[in-house]
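Understanding the architecture of this molecule
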Amino acid sequence: MITPGLKDVPTEVDVVVVGLGITGAGVALDAATRGLSVLAVDAHDLAFGTSRWSSKLVHGGLRYLATGQVGVAHESALERGILMDVTAPHLTRAMPMIVPFNSSVSGMQAAITRGGMLAGDLLRRSAGTSPDTLPKPRHLSATEALTLAPSLRSAGLRGAMLGWDGQLEDDARLVTTVARTAAAYGAQVRTRARVLSATGTSVELRDELTGAVTTVAARAVVNATGVWAGDLVDEVGLRPSRGTHLVLRESAVPGLQVAVFAPVPGETNRFVLVLPQPDGTLYVGLTDVPADGPVPDVPEPTEQEIGFLLDVVAAAFTRPLHRSDVVGAFAGLRPLLDVATEDERSEETADISRKHAVLTSASGVVTIVGGKLTTYRRMAEDAVDAALAGAGIEAGPCRTASLPLAGAASRDVLAGLEQDPRLVRRFGIDADLVLTSAVEATGLSEDELLAPVTDGIPVTLAELVFGVTHEGAHDVGDLLDRRTRVGLVPADRALAVPAAERALALTAGART
Ligand SMILES: Cc1cc2nc3c(=O)[nH]c(=O)nc-3n(C[C@H](O)[C@H](O)[C@H](O)COP(=O)(O)OP(=O)(O)OC[C@H]3O[C@@H](n4cnc5c(N)ncnc54)[C@H](O)[C@@H]3O)c2cc1C
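It should be emphasised that the depicted structure is a prediction, and the values quoted were computed from it without experimental measurement.

Our focus in this paragraph is helix α6 (residues 171–184). Look at α6: 20 Å from first C-alpha to last across 14 residues, which is about the 20 Å you get at 1.5 Å a residue. Backbone nitrogen of A172 and a side-chain oxygen of the N-cap are separated by 3.4 Å at the start of α6; the cap is D170.

Relative orientation of the contacting elements helix α1 (residues 22–33) and helix α10 (residues 376–391) amounts to 60°, with a least axis distance of 8 Å. The orientation of α1 relative to α10 falls into the category oblique. Handedness of the α1/α10 crossing: right-handed. Together, I22, T23, G26, V27, D30 and A31 of α1 and Y376, M379, A380, E381, A383 and V384 of α10 make up the contact between the two elements. Looking at the contact of α1 with α10, its residues break down into eight nonpolar, two polar and two charged.

What follows covers empty space enclosed by the protein. Following the criterion strictly, the structure yields four cavities of 30 Å³ or more and no others. Lining the largest cavity we find V105, Q109, I112, T113, P263, V264, E267, N269, R270 and F271. Top contributing element to the lining of the largest cavity by residue count: helix α4 (residues 107–126), with three residues. Class assignment of the residues belonging to the lining of the largest cavity gives a composition of five nonpolar, three polar and two charged.

Attention shifts here to the site of the ligand. Residues in contact with the ligand amount to 34 residues; listed here are only the nearest, T23, D42, S51, L57 and T374. One of the backbone nitrogen or oxygen atoms of G49 is found 3.4 Å away from an oxygen atom of the ligand. V195 places a polar main-chain atom, nitrogen or oxygen, 3.0 Å from a nitrogen atom of the ligand. Of all the elements in the fold, those that place two or more residues in the shell around the ligand are α1, β9 (193–198) and β17 (326–334). Here the shell around the ligand is composed, by residue class, of 13 nonpolar, 16 polar and five charged.

Time to look at the packing of α6 against helix α15 (residues 461–471). Direction vectors running N to C along α6 and α15 enclose 35°, while the axes themselves pass 12 Å from each other. The two elements α6 and α15 cross, and the hand of that crossing is left-handed. Between α6 and α15, the residues in contact are R173, T176 and R180 and F466, H470 and E471, respectively. A per-class count over the contact of α6 with α15 returns one nonpolar, two polar and three charged.

The next point concerns the pairing of strand β14 (residues 271–276). Most of β14 is tucked away: five of the six residues are buried. Taken together, the four bridges between strand β13 (residues 259–263) and β14 define a ladder with antiparallel strand orientation. Among the inter-strand pairings, F261 is bridged to a residue of β14, identified as L273. Looking at chain direction, β14 and strand β15 (residues 281–285) are connected through four bridges and run antiparallel.

Parameters at a glance
- Within each chain, residue numbers correspond to sequence positions counted from 1 in written order.
- Reporting of local features is limited, given that this is a predicted model, to residues whose pLDDT is at least 70; pairs of side-chain atoms are given and counted only at 80 or more, and all residues count toward the totals for whole chains, interfaces and linings.
- By convention in this description, side-chain values take in all heavy atoms of the structure and omit both hydrogens and water.
- A helix here means a DSSP run of H or I that spans at least four residues, while a strand means a run of E at least two residues long, and both kinds are numbered starting from the N terminus.
- One less than the number of residues in a helix, times 1.5 Å, gives the span that helix is expected to have.
- For this analysis, a polar contact is any N or O atom pair within 3.5 Å, provided that within protein one partner can donate a hydrogen and the other can accept it, and provided that sequence-adjacent residues contribute only side-chain to side-chain pairs.
- Orientation is described by axes fitted as lines to C-alpha atoms, over the contacting stretch for helices, and by angles from 0 to 180 degrees between their N-to-C directions.
- Geometric relationships in this document are graded by angle, where less than 35 degrees denotes roughly parallel, more than 145 denotes roughly antiparallel, 65 to 115 denotes roughly perpendicular, and other angles denote oblique.
- Should the near helix be turned anticlockwise from the far one by less than a right angle, the crossing is left-handed, and should it be turned clockwise, the crossing is right-handed.
- Contacts were defined at the residue level, with two residues in contact if any of their heavy atoms lie within 4.5 Å.
- Residue type decides the class: Asp, Glu, Lys and Arg count as charged, Ala, Val, Leu, Ile, Met, Phe, Trp, Tyr, Cys and Pro as nonpolar, and the leftover types, Gly among them, as polar.
- Definitions used throughout: a 1 Å grid over protein atoms alone; a cavity as a set of points that fits a 1.4 Å probe which cannot get out; a pocket as an open set with protein on both sides within 12 Å along at least five of seven lines; a lining residue as one with an atom within 4 Å of a point.
- Grid points are joined across faces, edges and corners, and a volume is the space filled by probe spheres set on the points.
- Neighbouring residues are identified by heavy atoms, a residue being near a molecule or strand if any of them is within 4 Å of it.
- Relative accessible area decides the class of each residue, using a 1.4 Å probe on protein chains only: under 20% of the type maximum gives buried, over 50% gives exposed, and in between gives partly exposed.
- Two strands pair under a simple rule: DSSP has to find at least two bridges between them.

This is how it looks when you write it as structure tokens:
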């Protein structure tokens, strides 16, 4: 069960995990599947932090190759393959992407892009990921490029490279699914539970619903609080950088069938990504701006970042884009480890290593920080290995590389499912469970539960109800901003609030 608050929490466990972003959820699953008793908590909700503000990609690690970090690139490609083929085929898909060669891209830059995509394909091969999962890149003529992206500016277009990477259905859904899988293996997963202080053998927790403070003893404590990691462990220094995305309706860039890397005019090898989403929106990102100072609960994009992204996209496509085309914007903070030297400090944050780090504090708290959504499984494995070694705990080996997440099945099986396509995309073979348990909890008909909650918003009452009964959602924000992502467009969110309130009212009995 995933439960808000700390009612009936155990007073002693093997492992306490602090933070339920992708990293903490992954640690909880890793530890639980090694046979350990686990308490995993978040001060707010599942995926409250950086994990819901990503580009929602499963990266193959190409950009690390470009900076010579071959090990990180290979690890990323391996983990991408595990997610797409084994643990989460239901939550991932192959994303075609093109880099147009227009007048702002020199012949040399085009050659570098071609070489980069071929190197990315080598990474795929070295990770053992089949071309059925991620096809090989190829050159496109200008006509072919315009078929896939009809509103690209055609003047000066010489052609394009077509490549493939992984795309997530939704980052917060991945976190929720990992947390639900951990709970199914026995982890106690609690939201609205803030850790006030931690040592290697205990945490002091506050129930954010009641204000009650309690202490839980543990054999190991893992700090997976991302950009907040330094608040719990003094020895950890972070230097966050902000990444902003815009949300546009798909009509803003008509007919787009692929992601487009829009070159930033006047810069070499820098792009803004235009990423089509399955719900009729496009994300446009992203920026990389140092974000010093206190860490906010919810980072805000600046008008300058919004203007920059809009200008780059407008330069690549024919339809004029205006500020009014931006129906949403979101920003996340990358939990980058602070680097030691002044020389390194003066560099752009984009160049700081994205590799994850496992750090054990003097009191024995194991902090896992850095990395990315794509590599969460490996990060969790490393953190649990360090925690077990540090505390002298005997446990089974890591099992997560071959352990399907809740709802996972092969792509063939998923393609043959006859359930509601949106539920299949978000819950895989658990689509049936979502619907039958929503019928059971509410007594409503399947038709009513599967209808879009309002015109133009594809979210269903079934998934909102399931969010409460099976995924620990406690309020409207949990349902609209994390169990579903309608909150990324504020105008749509306002329209969906009554449906979320209805789901909460219908399940009031299940929540007490
Ligand atoms: C703009 C942007 C785009 C990105 N795009 C991608 C991408 O496309 N693909 C990819 O693989 N990676 C991407 N990343 C990287 C990835 O999103 C992050 O590395 C990852 O989400 C970090 O997850 P986390 O669990 O470590 O931290 P978080 O998700 O921030 O989780 C930390 C959690 O700890 C909780 N917490 C904090 N303090 C306490 C406390 N005292 N007690 C209890 N709980 C606490 C918070 O509420 C929060 O939920 C992107 C990052 C950014 C910023």
